[in-house]
Amino acid sequence: MAAETISNEELVKLAEALDGATQAKVIAASDVQTAAWVRLKCQYGCDGYGQCLVCPPYSPSPEQTQQVLDGYRRAVLVHFKDWNNTKPQMVKLERTVFLKGAWKAFAMGAGPCRFCAVCTLQIGQCRHAEQARPAMEACGIDVFTTARKAGFPIEVVKNRRQCPNFYGLLLVD
């Protein structure tokens, strides 16, 4: 089965069945927005910067990410209740879609990697390479613009009582 034969409806159904997923939409890969400022927010706003193989400066730059996006037609944007679910569930979706014939499938989640207490950064090889994926923001994706363009809710969280929105992205074909 070729990747093109996986319908948008099937992609949405698979994505919405993920643990913690609330909604999914197939979007044009060209609707995924990259921006150089996103990496600055990682570098000057996240204490995980440079601490993990799936975070900047080890993750793809916004320019590299844009080149990757240019090689895809479709993506699936998935809204989650909890950021802890995004990466493992998106990897699960990637594997499912890959086995259905979408050999280019590649997933991204939200937030820093939590597979290891301390990253194997010093040896340069990830212990969980089959599961570890970068966050969209680590690759320079403007999640706010991308989610809003797709009609999803996303706002700046102003206090700890507010419920944030978390997103995963699957590049398909």
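Fair warning: this is a prediction, and the values are worked out from it, not measured in the lab.

Residues I27, L77, M136, I141, Y167, L169 and L171 are the most contacted members of the largest nonpolar core, which totals 19 residues. Secondary structure elements with two or more residues in this core: β2 (74-80), α5 (143-149) and β4 (166-171). Ranked by the residues each element gives to this core, the list is headed by β4, at three residues. When residues no more than four places from it in sequence are discounted, the contact partners of L171 are V68, L69, Y72, R74, A75, K104, A105, F106 and M108. By size, the runner-up hydrophobic cluster in this structure holds 18 residues, among which are I6, A105, A107 and F166.

This paragraph deals with the sheet that holds β2. Spatial strand order, β1-β2-β4-β3: four strands in an open sheet with antiparallel pairing. For this open sheet the edge positions go to β1 (21-28) and β3 (106-108), each flanked by a neighbour on one side alone. On average, each strand axis in the sheet is tilted by 20° relative to the strand beside it, whichever way the strands run. Here three bridges tie β3 to β4, and the two strands are oriented antiparallel to one another. Bridging across to β4, F106 finds its partner in L171. Here helix α1 (residues 8-16) sits on the sheet in contact with β1 and β2, set at roughly 150° to β1.

Our focus in this paragraph is the packing of aromatic side chains. Following the criterion strictly, the structure yields one aromatic pair and no others. Arranged with centres 5.4 Å apart and planes meeting at 55°, the rings of F152 and Y167 form a pair that is tilted. Placement of the pair is F152 in the loop between α5 and β4 and Y167 in strand β4, with a sequence separation of 15 residues. In terms of burial, F152 and Y167 fall into one category: buried. Sitting over the face of the ring of F152, K25 holds its NZ or CZ atom 5.2 Å from the ring centroid. Above the ring of Y72, the side-chain terminus of K104 is found at 4.7 Å from the ring centroid.

Thresholds applied
Residues numbered from 1 in each chain as written. Predicted model: local features only at pLDDT ≥ 70, side-chain atom pairs only at ≥ 80, totals over all residues. Heavy atoms only, no water. Core = buried A, V, L, I, M, F, W, Y, C linked by side-chain atoms within 4.5 Å. Buried < 20%, exposed > 50% of the residue type's maximum accessible area, 1.4 Å probe, protein only. Helix = DSSP H or I, 4+ residues; strand = E, 2+ residues; numbered from the N terminus. Contact = heavy atoms within 4.5 Å. Pairing = 2+ DSSP bridges. Axes fitted to C-alpha atoms, helices over the stretch in contact; angles between N-to-C directions. Phe/Tyr/Trp six-rings, centres within 6.5 Å; stacked < 30°, edge-to-face > 60°. Lys NZ or Arg CZ within 6 Å of the ring centre and 35° of its normal.

By themselves, these are just geometric observations and shouldn't be taken as functional.
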